[in-house]
Amino acid sequence: MSDSSEPNEHRVGKVYLVGSGPGDPELMTVKARRLVEEADVVLHDKLPGPEILGLVPEERREDVGKRAGGEWTPQEYTNRRLVELAEEGKMVVRLKGGDPFVFGRGGEEMEHLAENGIPFEVVPGITSPIGGPGVAGIPVTHRDHTSSVSFVTGHEDPTKEESAVDWQALADTGGTIVVLMGVGKLPQYTQALLDAGKSPETPVALVERATWPDMRVATGTLETIVDVRDSEDIEPPAITVIGEVAATRERVVTFLANRTGEYEEEGSE
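Quick look at the structure, then.

Rules of the game
- Each residue is numbered by its place in its chain's sequence as written, counting from 1.
- At least 70 in pLDDT is required for a residue's local features to be given in this predicted model, at least 80 for side-chain atom pairs to be given and counted, and no such filter applies to totals for whole chains, interfaces and linings, which use all residues.
- The side-chain numbers reported here are obtained from all heavy atoms of the structure, hydrogens and water having been left aside.
- A helix here means a DSSP run of H or I that spans at least four residues, while a strand means a run of E at least two residues long, and both kinds are numbered starting from the N terminus.
- Exposure categories follow from relative accessible area, calculated using a 1.4 Å probe and restricted to protein chains: below 20% of the type maximum is buried, above 50% is exposed, and the middle band is partly exposed.
- Note on definitions: a residue-residue contact is assigned when non-hydrogen atoms from the two residues lie within 4.5 Å.
- Accessible areas in this description were obtained via Shrake-Rupley with a 1.4 Å probe; residue shielding takes into account the shown protein chains only.
- Patch rule: a residue counts if its relative accessible area is over 30% and it has no salt bridge; like charges are joined within 9 Å, and nonpolar side chains (Val, Leu, Ile, Met, Phe, Trp, Tyr) within 5 Å.
- Only one rule defines a salt bridge in this text: a Lys or Arg side-chain nitrogen within 4 Å of an Asp or Glu carboxyl oxygen.
- As defined here, a cavity is a set of points on a 1 Å grid over the protein atoms alone where a 1.4 Å probe fits but cannot get out. A pocket is an open set with protein on both sides within 12 Å along at least five of seven lines, and residues line them when an atom is within 4 Å of a point.
- Grid points are joined across faces, edges and corners, and a volume is the space filled by probe spheres set on the points.
- The classification used treats Ala, Val, Leu, Ile, Met, Phe, Trp, Tyr, Cys and Pro as nonpolar, Asp, Glu, Lys and Arg as charged, and all other residues, Gly among them, as polar.
- Annotation comment: domain bounds sourced from an automatic or database domain assignment.

Along the backbone of the chain there are nine helices and ten strands. Looking at the chain residue by residue over its 269 residues, the buried ones come to 46%. The contacts of the chain with a sequence gap of at least 6 include a subset with a gap of at least 24, amounting to 68%. In the structure as shown, the chain presents an accessible area of about 14200 Å², 48% of it carried by carbon and sulfur atoms.

Structural data, given as structure tokens:
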């Protein structure tokens, strides 16, 4: 007969890599919302947005995005913190905007957890390069226009010698191009596409803070969109949609209801 007074073995917690969607709390999955509400600790950056972060009391959340002074939390710190908290037996949610595996570094965190023997689970979310344009009335694919779409990061400088993004190939494919985190580098990659032979009249849309209460959309062409960005004062976070599908918004915007149920007014941009 065993002695019931013996201490239990140390129990390791679990990490959930959770996608919160593009920003509207009602676009979170049922599972994502439940985990956020039940977690001992939620490690987050800024992309989930204030409404979603507001679901978590301050004492249960840690900001691993921007620090004081505008510095970003090193990924190594986030990886280490996930392991530390799990080893303390905690239920940890690593909360990300959109989907954990679309420019969310979820793959790196997953591998680090596995290397350290930490149980984890992936909870997908609506990814912003699909959901963001969608709520703005822009389908990323359309039978009449394109059957392919490419997602690329806008953080890279297209002029650097060893860019991981082949803008020439993207121009040649003719499909929709969705650029994430690309407001600052907009002049560089639009010029790269023009240099690669993309038509200056190619429709382009900028979707700022997609699904957030203060969401804005600005449209133009590959030739004019930089001036549009500046005149409309479009700021991050924003998604750039390049291709014929971007013009779809003009044909539907009058009947496109926003989050409050009201309809867009033509020319309200």
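On the surface, F103, I130, F151 and M181 cluster together into a nonpolar patch covering about 330 Å² of accessible area. The topology assignment puts I130 in helix α5 (residues 128–135).

We now examine the layout of surface pockets. What the largest pocket holds in volume is close to 1200 Å³. Taken together, 41 residues line the largest pocket, and the ones lying closest to its centre are D45, L47, W72, H155 and M181. Where the lining of the largest pocket is concerned, the elements lending two or more residues are α3 (75–87), β4 (91–96), α5 and β10 (238–242). A per-class count over the lining of the largest pocket returns 17 nonpolar, 15 polar and nine charged. Counting only domains with at least three residues in the lining of the largest pocket, you end up with domain 1 (14–123) and domain 2 (128–255).

Let us look at unusual backbone geometry. Each neighbour pair has its own omega, and for P236 with P237 the value is -5 degrees, a cis peptide bond. Its location among the elements puts P237 in the loop between α8 (225–232) and β10. Unusually for a residue other than glycine, F103 sits at a positive phi of about 55 degrees. Its identity is not glycine, yet M181 carries a phi of approximately 55 degrees, on the positive side. Looking at where M181 falls in the secondary structure, it is placed in the loop between β7 (176–180) and α7 (186–195). Exposure remark for M181: the relative accessible area of 34% places this residue in the partly exposed category.

Geometric values such as these leave the question of function open.
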